[in-house]
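Single-letter residue listing:
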Amino acid sequence: MPETPETVPPNGRAPGRDQSLRSSTVAPVDRLVEVVDALPGGSVILTTVEHVLNWGRASSLWPLSFGLACCAIEMMAAGAGRFDLDRIGVFFRGTPRQADLIIVAGRATIKIAPIVRRLWEQMPEPKYVISMGSCATCGGPFYYDNYSILKGIDTVIPVDVYVPGCPPRPEALYEGVLKLQEKIKKEPFLRRRAGVATPA
Amino acid sequence: MALRTEELILNMGPQHPSTHGVLRMVVTLEGENVVDVQPDIGYLHSSVEKMMEYRTYIQSISLADRGMDYLAALANEMALLRAVETLGKIETPTRAQWLRTMFLEFQRIASHLVWLGTWGIDIGATTVFLWCFREREKVIDLFEKSTGGRLHYVYFRPGGVYEDIPDGWLQQALAFCDDFEQRLVEYDELLTANPIFEVRTKGIGVLPRATATNLGASGPVARASGVAFDVRKAFPYEKYAEVEFDIPVREEGDCFARYMVRMEEMRQSVRIVRQCVEKLPPGEIRAKVPITLRLPKGEVYTRTESPRGDLGVYLVSDGGETPYRVKIRAPAFSNLFALSEMMRGWKVADVIAILGSIDIVLADVDR
């Protein structure tokens, strides 16, 4: 039996984080953010710093090399010479500890759902999810008359970008990664970490 | 006095870059030596056999693409349609049969290229992966021009193929064959005489001939162990009886033999494609078959040679629009039985080399 996934808040971050544990490890940065934010003109500085950091984060997305089914072949093709995901800084890693993106490529069964969830939990924050293909998005061609396929990976982990297709062409995966980069570049992630309200 | 060591149980997968999908292996180790390997499957069970009972025969083709061995979608279509056409006594036009034979061999090349590339990564040669996918893209381009799909084609239909090949396609196919034969020489230079590759593969994971037959291994895995059996020769379908090709057989049964068999199969596939291009007649490509196909009551078991081995389909019809039962005899599933036999006694580093050498596709195992 798969474990019942915990409810995920709409902002898509990990639920149930122990705040006391967290402040002991990353407090210096967060406190700095709080201090700078309180200064006159501080939010301008923070925005600039965030802009630079986001540029770096978006330009070096390291996905976990985790293929489930057919879409993984197209993911491999996208990583190989002709399409070459390396050009936009996407470099596959073998372990979730070094990854900040998981591309769910293919249909997920009920049996593998808890494992996908655990892999996502093992990835360090900030982390993102691309749901590649119809099966990962909604069950796809395995939606009806089927007892074993999960009807969408977003019932288990929060998804940032959905890439449609069965399977999506490597160009479509490219588009998905570029969309994710756009999203990352807009994120006020330092202030979100520190719990400081972002300027409107 | 020998040092006493405790057995260690190591869990490999389902997330492991070298398990070719979502296979989980429970490896029992004593020191560095493998004592036992238990594969745990079912992480990609997509219940296609059950779904096909609710789909018409034409709808089942797209399921066969996705739910079975996705590296060789056309081989799955052929396996299913061979059962459908045998039971329904549907005759396919000659041109369609030649087209099917040609596409099946292109599919074999594409599938073996993915195998070679990923196996290369497994044993530490990234160059092979990039080279193989470069050639595979050319095959995929050919497929895309005629079928419209890159991975799932739904090209074979009951009684023929969906569409004729476009103008100039045959010249491109021949150009690919010329190019690919030279590329195969390059792969040979890169791998076959490579001392590191030899150390990783020669004599590793030996599967004796008797074990291979007892465990039901088929395809390149069995042929590398000296079993000279190929469905294309033994029970020819489509136009395989009218083309000349050899069945590569090796006696060693190790990883290197499996590699050599697949390399030679790619050469033979090029040879078959050339003959198909030469002999391709003009004419009809699809027999007149109703869209809602009703097969007569009865049952049939047919077998085809997919890139992984003997792919059989057992089809029972009760006379309706949908099959009563479809059972797929998947070659990757049967080859998986040989896994623990091959791995026992080898080092933990060889586990990956041996697993890669049997060319496992988890969708074919779990279905």
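It should be noted that the structure appears before, not after, this text.
Quick caveat, the model's predicted, so the values are computed rather than measured.

Parameters and conventions
Residues numbered from 1 in each chain as written. Chains lettered and ligands numbered in written order. Predicted model: local features only at pLDDT ≥ 70, side-chain atom pairs only at ≥ 80, totals over all residues. Heavy atoms only, no water. Contact = heavy atoms within 4.5 Å. Buried area = accessible area lost by both parts, 1.4 Å probe. Salt bridge = Lys/Arg side-chain N within 4 Å of Asp/Glu carboxyl O. Core = buried A, V, L, I, M, F, W, Y, C linked by side-chain atoms within 4.5 Å. Buried < 20%, exposed > 50% of the residue type's maximum accessible area, 1.4 Å probe, protein only. Helix = DSSP H or I, 4+ residues; strand = E, 2+ residues; numbered from the N terminus.

The next point concerns the interface of chain B and chain A. Every contact between the two is made by 36 residues of chain B and, on the other side, 35 residues of chain A. Summing the contributions of chain B and of chain A, the shared interface buries around 3,000 Å²; its carbon and sulfur component is 61%. Area buried by chain B at its contact with chain A is led by Gln15(B), Tyr43(B) and Arg150(B), which between them contribute 21% of it. At the surface where chain B touches chain A, the tally comes to six salt bridges.

One finds Met25(B), Phe106(B) and Leu116(B) to be the most contacted residues of the largest nonpolar core, which totals 148 residues. Element by element, the count of residues in this core is highest for helix α4 (residues 94-122) of chain B, at 13 residues. With sequence-adjacent residues up to four places away left out, Leu116(B) is seen in contact with Val128(B), Cys132(B), Tyr187(B), Leu191(B), Tyr259(B), Met263(B) and Met266(B). With 22 residues, the next largest nonpolar core counts Cys71(A), Ala72(A), Leu85(A) and Tyr128(A) among its residues.

Next up on the list: unusual backbone geometry. Omega for the bond connecting Cys166(A) with Pro167(A) falls within 30 degrees of zero, at -15°, which places this linkage in the cis form. Among the secondary structure elements, Pro167(A) is positioned in the loop between β4 (161-163) and α6 (170-185). With a phi angle near 55°, Asp145(A) is a residue other than glycine that sits in the positive phi range. By secondary structure assignment, the location of Asp145(A) is in the loop between α5 (133-138) and β4. Although it is not a glycine, Val154(B) sits at a positive phi angle of roughly 50°. With respect to the secondary-structure elements, Val154(B) resides in the loop between α5 (126-147) and β4 (156-157).

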